[in-house]
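Summary of structural features
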Amino acid sequence: MNHLEGVTRPQQYRALSLSTLAFTTCFAVWTIFSIIGVQIKQDLGLNETQFGILVATPILTGSISRIFLGIWTEQLGGRRVFSVLMLVTALCVFLLSYVESYLMFLVAALGVGLAGGSFIVGIAYTSYWFEKEKQGTALGIFGAGNAGAAITNFAAPFLLLAVGWEQTAVVYAIVLTIIAVIFWVFTKEDPLTRSRRGQGGKATSAMAQLQPLKHVQVWRFSLYYFFVFGAFVALASYLPRYYVGAYEVSIAVAGTLAALYTLPGSVFRALGGWMSDRYGARAIMYLTFIASLICLFLLAYPETSYVVQGKEGEIAFTLAMPLWGVVVLTVLLGFFMSLGKAAVYKHIPVYYPQNVGSVGGLVGMIGGLGGFFLPILFGAVLDLTGVWTSSYMVLFVLVAVSLIWMHGAIRRMERQRVPELSEERFRYLPEIQEPAASHARQQQELRPKQT
């Protein structure tokens, strides 16, 4: 990569560390309604569907804005866009403390949601600092900023109890403003933007950046991210309410238990990036989907009473997931989702190196929309069925569809590249697909010599 000439490791690490810090703070702000929303629900007497809409509204803005922020980052540079975005979001969070009605809460939540758009800005900014073989690890470390949700789940309940939700919003606004100033002062523009400006080149037009979006592959990546990220955000926002309602724990305990889910779902994203570099993003996606299906099946099983006819009469028993079981399974689910989040974004700089902002923006937008629609769906399905585990049933279906589509697409690509794989003798033996591919290449090389 020519634009990386002269870039030193300390410069790369500084850009990575500061962008990760900024994204962590933004993500903490983005999920603030998961905690203060519980108090607002009680104050306004909201039902489950209304609460789901309130929690999901910031996710909507953070999702839709990603496609535009990705394009602006390509055109203006990540340093400038990231700094301005944080300052605007901080103002919206501060104004949240003056809102009183439910409608105005929804309007304010739209502004707060801009914090979620910071993800694609940081992805593009960070990726341009690193070589292709290092991007998976670097983006995994950056993505660990999802830990901001854990920070909110840990700290916000205590702030809420100490100073109320209004002052909690003020504290968040002040912290975000400080981070924005630090980021602007101590970072430099990414090497690709500097190189383009130094050569007098023009930024790629918005229409040119959007060209890759016509590929179905991009939309398939988006569906993966709809689960690994969208469902992660949805559960991070929904779990506190779930624990309070299903297990009747306090908001402080619910926040702590939810943080146990969000923490591994964030920090292990760096591990997912490294594993994607080493073993391939495709293998990590298989691991993510299969393990998630197992976890979600166990979580989705509702409390059920059975009566079995024994030799001496009826035997009655009940199957129910205890609180500790839910916590353990959600922690495992968060871990595998973190691996999947890194694996999805490992694909983008590899397949679309010149369109990281636009393609990553679309994938991030669709994924973020999962964080918007799923909490609403969770609340609506809960109101409809009255079954607390119905949210996990929804996610189980989503993962099953994603896995089937991914496997079908991979098998189709393999058959196109190596026609021999469509033969019966190779169909159910994936472990010999690589030898088959090597054999096909050798045959292709021999054909010109034989003629």
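Residues numbered from 1 in each chain as written. Predicted model: local features only at pLDDT ≥ 70, side-chain atom pairs only at ≥ 80, totals over all residues. Heavy atoms only, no water.

Scanning the protein from terminus to terminus reveals 20 helices and 2 strands. Counting all 451 residues of the protein, 56% fall into the buried class. When contacts within the protein are restricted to residue pairs at least 6 apart in sequence, long-range pairs at least 24 apart make up 82% of them. (Helix = DSSP H or I, 4+ residues; strand = E, 2+ residues; numbered from the N terminus. Buried < 20%, exposed > 50% of the residue type's maximum accessible area, 1.4 Å probe, protein only. Contact = heavy atoms within 4.5 Å.)

Right, let's talk about the confidence of the model for the protein for a bit. Per-residue pLDDT for the protein has a mean of 79; in total, 85% of the residues score no lower than 70. Taken element by element, the predicted model of the protein shows its lowest mean pLDDT in helix α19 (residues 424-427) (46) and its highest in helix α15 (residues 281-300) (91). Low pLDDT (under 50) marks residues 424-433, which in the prediction has 11 contacts with non-local residues, meaning those over four places away or in another chain. Scored below 50 in pLDDT, residues 446-451 shows 0 contacts in the model against residues more than four places distant or in partner chains. (pLDDT = per-residue confidence, 0-100.)

Further remarks concern the packing of helix α1 (residues 9-30) against helix α8 (residues 148-186). At a minimum axis separation of 8 Å, α1 and α8 run at an interaxial angle of 145 degrees. The chirality of how α1 crosses α8 is left-handed. Contact with α1, carried on its side by R14, L18, S19, L21, A22, T24, T25, C26, F27, A28 and V29, involves G148, A149, I151, T152, Y172, V175, L176, I179, I182, F183 and F186 of α8 and no other residues of that element. (Axes fitted to C-alpha atoms, helices over the stretch in contact; angles between N-to-C directions. Left-handed = near helix turned anticlockwise from the far one by under 90°.)

Interhelical geometry of α1 versus helix α4 (residues 78-96) gives an angle of 25 degrees and a closest axis separation of 11 Å. Judged by the angle between their axes, α1 and α4 are roughly parallel. Here α1 and α4 pass one another in a crossing that is left-handed. Side by side, α1 and α4 meet where S19, A22, F23, C26 and V29 of the first sit next to F82, M86, T89 and V93 of the second. (Parallel < 35°, antiparallel > 145°, perpendicular 65-115°, else oblique.)

Its location among the elements puts S222 in helix α11 (residues 216-247). Judged by its relative accessible area of 0%, S222 is buried.

Let us look at the pairing of strand β2 (residues 313-319). In this structure, strand β1 (residues 304-310) lies alongside β2, joined through 7 bridges in antiparallel fashion. The residue bridging V307 from the neighbouring strand is A316, located in β2. Joining the antiparallel neighbours β1 and β2 is a turn of 2 residues. (Pairing = 2+ DSSP bridges.)

This next bit is on the nonpolar core. Ranked by size, the top nonpolar core spans 126 residues in total, and within it M86, L96, F227, Y243, Y345, V363 and Y392 carry the most contacts. Looking at this core, the element that brings in the most residues is α11, giving 20 residues. What F227 contacts, discounting residues up to four positions off in sequence, is F232, F289, S292, L296, L333, M337, L398 and V399. (Core = buried A, V, L, I, M, F, W, Y, C linked by side-chain atoms within 4.5 Å.)

Bringing the environment of G116 into the picture now. Tracing the chain through its elements places G116 in the loop between α5 (102-112) and α6 (118-127). A relative accessible area of 2% places G116 in the buried class. Those residues in contact with G116 that sit more than four places away from it in its chain are W30, G62 and R66.

Another point: helix α12 (residues 251-262). The first and last C-alpha atoms of α12 sit 16 Å apart over 12 residues, in line with the 16 Å expected at 1.5 Å per residue. Counting buried positions along α12 yields 9 of 12 residues, so the element is predominantly enclosed. Residues of α12 that are buried include every one of I251, A252, A254, G255, L257, A258, A259, Y261 and T262, and no others. (Expected span 1.5 Å × (residues − 1).)

An α-helical segment advances 3.6 residues per turn. Residues three or four places apart therefore align on the same side. With 39 residues, α8 should reach 57 Å at 1.5 Å per residue; the first-to-last C-alpha distance of 21 Å falls well below that figure. The largest bend in α8 is about 115 degrees, located at V163. (Bend = angle between axes of the 7 residues up to and from the residue.)

Moving on to the packing of aromatic side chains. Given two aromatic rings, their pairing is described by the distance between the two centres and the angle made by the two planes. A complete count under the given rule lists 28 aromatic pairs for this structure. Ring pairs connect the aromatic residues F23, F27, W30, F119, F142, Y225, F229, F232 and Y261, which therefore count as one cluster. When the ring centre of W184 is taken as origin, the NZ or CZ atom of R79, which lies over that ring, is 3.7 Å away. Here the guanidinium or amino end of K341 rests over the ring plane of F232, the centre of that ring lying 3.4 Å away. (Phe/Tyr/Trp six-rings, centres within 6.5 Å; stacked < 30°, edge-to-face > 60°. Lys NZ or Arg CZ within 6 Å of the ring centre and 35° of its normal.)

Time to look at unusual backbone geometry. A positive phi angle is found at E248, which is not glycine, with a value near 55 degrees. Among the secondary structure elements, E248 is positioned in the loop between α11 and α12. Look at E248 and you get exposed, because its relative accessible area is 71%.

Our next topic: a nonpolar patch on the surface. A surface patch of nonpolar side chains, about 1,000 Å² in accessible area, is lined by I290, I294, F297, L298, Y301, V308, I315, F317, L319, F396, V397 and V401. With 4 residues, the top contributor of residues to the nonpolar patch is α15. Following the sequence through the fold, L319 ends up in strand β2. Of the residues examined, L319 reaches a relative accessible area of 40% and is grouped as partly exposed. (Patch = residues over 30% accessible without salt bridge, like charges linked within 9 Å, V, L, I, M, F, W, Y side chains within 5 Å. Areas by Shrake-Rupley, 256 points an atom, 1.4 Å probe, with all protein chains shown as cover. Salt bridge = Lys/Arg side-chain N within 4 Å of Asp/Glu carboxyl O.)

Tracing the backbone through its elements, the reader meets Q11 in helix α1. Given the relative accessible area of 26%, Q11 is considered partly exposed. Residues Q11 and T187, spaced 176 residues apart in sequence, show a C-alpha to C-alpha distance of 8.9 Å. Ignoring any residue separated from it by four or fewer positions in sequence, one finds Q11 in contact with G6, W129 and K188.

In this section: the environment of A236. Structurally, the position occupied by A236 is in helix α11. A236 sits in the buried class, given a relative accessible area of 1%. When the C-alpha positions of A236 and L263 are compared, they lie 9.9 Å apart, and in sequence the two are 27 residues distant.

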